[in-house]
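# What the coordinates show
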Amino acid sequence: AAGLALALGALAFWQHQEAQRDQREQLAAAVGAVQLSTEAPRVTLWDRGGAAVPLESFRGRVVFLNFWATWCGPCLAEMPSLIALHGALDPADIAFISIAEDDTWPPLDTYVKRTPLPFNVFRDRPPRVEDPFETTSYPTSFIIDRDGQARYRFSGARDWNAPEIRALLALE
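Summary of the structure given here. Quick caveat, the model's predicted, so the values are computed rather than measured. (Residues numbered from 1 in each chain as written. Predicted model: local features only at pLDDT ≥ 70, side-chain atom pairs only at ≥ 80, totals over all residues. Heavy atoms only, no water.)

Attention now moves to the overall build of the protein. Looking only at helices and strands, the protein has four helices and eight strands in total. For the protein, the sequential pattern of α-helices and β-strands runs α-β-β-β-β-α-β-α-β-β-β-α. Across the 172 residues of the protein, 41% fall into the buried class. Here the contacts in the protein between residues at least 6 apart in sequence split such that 68% fall between residues at least 24 apart. (Helix = DSSP H or I, 4+ residues; strand = E, 2+ residues; numbered from the N terminus. Buried < 20%, exposed > 50% of the residue type's maximum accessible area, 1.4 Å probe, protein only. Contact = heavy atoms within 4.5 Å.)

Right under this line is the structure:
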């Protein structure tokens with residue numbers, strides 16, 4: 001009887017995992033995300049004060065990583081929805097990391113003064129963080145799970161506050 005209960009429990013767990021996988025695939029397709037299953041690159045981010053922040057330091061939380069630039073029209077167009085998504089989620093569960101591809105801080109400082117960003121803002125600099133992420137256009141975003149696995153890649157601007165995006169994040 002105990003063996004049967006264990007087998008039924010294992011079957012139920014497997015069915016639940018399969019249902020979540022199917023839901024992830026459907027949501028990813030609905031929002032134009034490319035599904036990934038690879039460890040996120042081990043990179044170091046540099047904040048405004050010049051402090052090094054390893055991407056790994058965010059483990060234990062889902063990470064929303066966004067590559068953008070102040071000179072990129074689509075990047076600026078999606079920013080209000082990214083700010084809204086950030087405001088709707090618990091920062092204890094998800095870290096928003098914004099990596100600006102601007103060559104210097106002054107344009108970024110001007111933008112952030114005009115449009116305060118409620119999340120971590122870093123500026124890419126050599127060695128470029130975008131390189132191991134194979135980012136070739138902006139905006140490009142990634143969702144990294146709590147264990148440091150890159151799960152989704154998004155190329156191009158979108159409405160980040162869409163219910164499908166929230167549902168996808170809830171599965172991580």
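And the narrative resumes.
On to the nonpolar core, then. Formed by 31 residues in total, the largest nonpolar core has its most connected members in Trp68, Phe154 and Ile165. Contributions of two or more residues to this core are made by helix H1 (2–31), strand E4 (62–68), helix H2 (73–88), strand E5 (94–100), helix H3 (105–114), strand E8 (149–155) and helix H4 (163–170). The leading source of residues in this core is H2, at four residues. Once you skip the residues sitting within four places of it in the chain, Ile165 turns out to touch Val31, Leu85, Phe154, Arg158, Asp159 and Trp160. Judged by nonpolar contacts, the second largest core, of 17 residues, contains Phe67, Ile99, Phe133 and Phe142. (Core = buried A, V, L, I, M, F, W, Y, C linked by side-chain atoms within 4.5 Å.)

Take the pattern of salt bridges next. Counted according to the given criterion, the structure contains nine salt bridges. Close ionic contact of Glu56 with Arg42 constitutes a salt bridge, the shortest N to O distance being 2.4 Å. Taken together, the residues span a long stretch of sequence, with Glu56 in the loop between strand E3 (52–54) and E4 and Arg42 in the loop between strand E1 (34–39) and strand E2 (44–46) at a distance of 14 residues. On the basis of relative accessibility, which here comes to 34%, the residue Glu56 falls in the partly exposed class. With relative accessibility at 58%, the residue Arg42 sits in the exposed group. Each member of the salt-bridge network shares a partner with another, and the members are Glu39, Arg42, Glu56 and Arg59. (Salt bridge = Lys/Arg side-chain N within 4 Å of Asp/Glu carboxyl O.)

Here the residue pair Pro126 and Pro127 is connected by a cis peptide bond, since its omega of -10° sits within 30 degrees of zero. Note the cis peptide between Tyr138 and Pro139, where omega equals -10°. Of note, Pro139 is situated in the loop between strand E6 (120–123) and strand E7 (140–144).

Our next topic: the state of the cysteines. Counted according to the given criterion, the structure contains one disulfide. Covalent S-S linkage joins Cys72 and Cys75, the inter-sulfur distance amounting to 2.4 Å. The chirality of the disulfide connecting Cys72 with Cys75 is right-handed, given an S-S dihedral of about 80°. Like Cys75, Cys72 is buried. (Disulfide = S-S within 2.5 Å.)

The values reported here are purely geometric and, on their own, carry no functional implication.
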